[in-house]
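# Residue-level structural notes
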Amino acid sequence: MDAVFTFFGRLHPLMVHLPIGFILMGLLFELNRKKLNPSSSFLKFIYFWATISCLLSLGSGIFQYLQEGYLWDEIQKHFYAGCFTLFLCFGFYLFLKGNLFATRIPRLFYILSLFFSLIITGHLGGNITHGEDHLTEPLLTLAGSTNKIKVEKMLSISNYKDQPVYSGLIEPILLNKCMRCHNPKKTKGGLQMHTFNALLKGGKNGSVLDLNSPELSELLNRIHLPELEKKHMPPRAQKQLTVAEKEIISQWVRLGASEFKTLGELSFTENQLVSFMKQNKKEIYPVLNIGPPDKKVIDSLQSLGVLITPIKEGTNLLFLSTINFKAFSDKELNVLLPISDNIVEIDLSESAVSDTVFDILSKLPNLVSIKLNQTAITGLGIEQLSTLKNLKRLHLINTNLKAESIPILSNFKEIEKVYVFQLNRDLAAETSLHSNTLERIDFGNYSLEDLPSDAIVY
Amino acid sequence: MNEIEKKLLDAYVLNQASINSRRHFLKECTLGLGGIALGSLLKSCVPSTNSSPFEGERGLNPLAPLAPPKFPKVKNVIYLHMVGAPSQLEMFDYKPELHKLHDQLCPESLLKGKKFAFIQGVPKMLGPQAKFSQAGESGNWISENLPHFKKVIDEVAFLKAVNTDQFNHGPAQLLMHTGSPRFGRPSLGSWATYGLGSENQNLPGFVVLTSGGTPDAGKSVWGSGFLPSVYQGIQCRSKGDPVLYLKDPKGVSRNLKKELLSSINEINYQEFKAQKDPEILTRINQYEMAYRMQITVPEVMDIQNEPESVQKMYGVTPGKESFANNCLLARKMVSSGVRFVQLYDWGWDSHGDSAANAVDLGLRNKCKEIDRPITALLLDLKQRGLLDETLVVWGAEFGRTPMQENREGRVMGFKGRDHHGDAFTMWMAGGGIKKGVVHGQTDEIGYSAVEGKVSVHDINATILHLLGFDHEEFTYDFQGRPFRLTDVEGNVIREILS
């Protein structure tokens, strides 16, 4: 007898489509009532069968709930919505029959209520079988909001070692790749995977984790079977685990599948976790869609012997250096203006430029690094560089830099490091600065004191 | 046209004539005609709009600078290799437990299945022969043998569990620098110059400086393998002429030499156009480079011109061959745009067979030889703003055993340790490297890795990563397949990257 109930229960997904069909047909006739002018007995016929199929759906639904182990909390909304639909169907049938009680309510109320009640019931039912976000997930991806991936990328480099493996990594992986079919609402193979205890409890074939001999755990078997095998998980049609994810699950299971041990304790390495880490590093180069540089300018610079090359393949951000053309002087500086947007790093060390250089450099808005080592600059006009919003590094080693320039430099907001080491003078002594800006300005002049042990020979 | 040029041109014409044999004609005709036909066919398929202003420079100059595939963290590398393999247990890897086991017989379990270069039977354990203390803000451990290094200890990232499967010097050095324990592969520096070229057109892109002797594996450790030989390391000497045969011969003026070279190169270029052999370009380039180097190399290699304070900081001895000199030279090279500077320092093979090879005597002197120069190098790079864009690597081909060596089963005259590749220490500092971290850990006696084990390939993958390469995609086709520096292995050691 039990089997018959189960069978009847399992007919529910089929049965529910009958009232959907009948009600929709009735509603369509309602929409075109003036044109088609359906007879009252015809409409009564439709809503009679709609009511009957509603009853059958409700009955099969109740059996499915009783036989298949759904929780009341999960299905109650769907159940109430179904009852309400049945009630409306029967009510409208009575209305058509001319029942005094039923005709007190306006026809439009029945029609609109039936329409919404049908949609809500169907949607709630669908959510139970396919998972709550089955319908909305593609839209979320479309909108670029990928909630789930955020869960995965919770790890950060500084604290990853203290994160429990299960809650920090395993749970998000399972959530993404397994829980669609193994959750309290949808429990394929009797297995739920939404909590650690559910994993231990396992499914029809017992626990998926074998804590006594972890290597034999069913979880490992299933994910490592060839994809074509019927028992391979996740099923072939579903999103597969990545190599990194498999490796992480395997390591966690092999080391005892503990719920609370941390990534550090189970010696997970940064390398394994890199795809789960938050990527919040700021690129030092301005991310700008800069057009390709003028080929004529590049050619003319190259023919002079100026080194000019992209900072990486396929980018229009350029590095320029006068290392092979030290006669580069103020005259040539203007040549750079047509490619001003492209240059992000410039090295004019040992060239013949003078303080005029600051005027031109301030017109190269994307500069990240400037080197003017061993040039004749004194720092006159250096304040113009404050317009460079991307400037991070400034090298002014062994120049005629005046001490007055240092306070100006310390006011540059974005700059990370200024190198002002002067070989034959102590620039630091000539300047007085707040100690908080000293960190960004490197005066160099390091030395190594002699140690008593230096003289010993063993 | 002068006399020499005439003679060379005659020789060239004669040579060409001998090439134009019947076989050559057939080959040229079939391939040539076929090629023309194919070329015109293919042209219609290939979009011709691809004209980056930076293309085609490599055609004439194999050392022209190229952009790396990814944003690089460093532009230059200074690689310090201690030939012979220093003992990590007297320098960086602090093992107090080993003290307690000193002079006890090594348990069988440690010896089972292991191969040693010299140890036979059951050796005794040898406690650390140096005192250790914590230094810097990081509180990393360091031995008393390296007192100056404490000053820069917060700049470096230690790899305490490097692993190699080679236990003899030659193969281990080859593996470390070419990714294979056998001959024939290009070295790390060659890969770097092949991939990135050289910024300074008057200096080689890959310079090698040695002190004390040539590594056991010979010059292959800086060879170019199957890459065009223009990418091999160029050894500069700190004593005598920096580069051999660079000086003008007696009676030949620089101008005459220039004319001579340009006509030889013209002829060679004609030959290249006919044969398309990249080795001809290499030759042209080397002649030109040698000519340009005549002026710049002596300039860069001259450390006497450096201010006295700098000389003192490094502890250099001008006119002699020393590691300190080489460190200063390395800094000078890097600031002149040399891409890859490789330093080899000989004399670290502390077997305990002599006082010089004793871990409590000779090793201490060796430590002294490198302690000040390396510290000075890091500080000097820092104050010149070069440490941000230079990677400094310190290491050796392997490490040494926690057991005392008992060559041929007898007790040695001095305290020494055998070769050991299971776990040893290396460090990196500079651009893209996390400061003051330790990655990897050895067991209580420093014998095996218990955490953060990294391989030689991991190290090379990391260095390439910092230079802007994906080590898995950086390949060179040879003998019908693509080759990589890291073969089929290697993971970037992200734990030490900033």
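Residues numbered from 1 in each chain as written. Chains lettered and ligands numbered in written order. Predicted model: local features only at pLDDT ≥ 70, side-chain atom pairs only at ≥ 80, totals over all residues.

## Regarding the overall build of chain A
Selection criterion: Think of it this way: any DSSP run of H or I at least four residues long counts as a helix, any run of E at least two long counts as a strand, and we number them from the N terminus. As a reference, a globule follows 2.2 Å times the number of residues to the power 0.38, and the radius of gyration itself is taken over C-alpha atoms. Once C-beta atoms are placed from the backbone, each residue is buried if 20 or more other C-beta atoms lie within 10 Å of its own, exposed if 12 or fewer, and partly exposed for counts between those two. Remark: residues whose backbone-derived C-beta atoms lie within 7 Å of one another are considered to be in contact.
The helix and strand inventory of chain A stands at 20 helices and seven strands. For chain A, the C-alpha radius of gyration of 37 Å lies well beyond 23 Å, the compact-globule estimate for 458 residues. When the backbone C-alpha atoms are referred to their principal axes, chain A occupies close to 105 × 70 × 45 Å. Within chain A, the fraction of its 458 residues that count as buried is 31%. Counting contacts in chain A only where the partners sit at least 6 residues apart, residues at least 24 apart contribute 61% of the total.

## Describing the interface of chain A and chain B
In this assembly, 34 residues from chain A lie in contact with 32 residues from chain B. If you list the elements that add at least two residues to the side of chain A that touches chain B, you get helix H14 (270–273), helix H15 (295–304) and strand S1 (307–310) of chain A.

## Some words on the sheet that holds strand S5 (residues 393–395) of chain A
Residue and element names in this part refer to chain A. Definition in use: The criterion for strand pairing is that DSSP finds at least two bridges linking the strands in question.
The seven strands lie next to each other as S1-S2-S3-S4-S5-S6-S7, forming an open sheet whose pairing is mixed. The sheet is open, and its two edges are formed by S1 and strand S7 (441–442), each paired on a single side. The pairing of S5 with strand S6 (residues 417–419) spans three bridges and is parallel. Its bridge partner lying in S6, His395 is registered against Tyr419.

## Observations regarding the pairing of strand S11 (residues 424–430) of chain B
Consecutive side chains along a regular strand alternate between the two faces of the sheet. Residue and element names in this part refer to chain B. Most of S11 sits inside the fold, with seven of its seven residues counted as buried. Because side chains alternate across S11, one face comprises the buried residues Phe424, Met426, Met428 and Gly430, and the other comprises Thr425, Trp427 and Ala429, equally buried. Where strand S4 (residues 156–163) meets S11, five bridges bridge the pair, whose relative direction is antiparallel. Paired with Val162 across the strands is Phe424, a residue of S11.

## Points about the domain arrangement of chain A
Here is the rule we go by: As annotated, the domain borders come from an automatic or database domain assignment.
Taken domain by domain, chain A holds domain 1 (2–130), domain 2 (147–276) and domain 3 (295–442). When each unit is reduced to the centre of its C-alpha atoms, the spacing between domain 2 of chain A and domain 3 of chain A is 52 Å.

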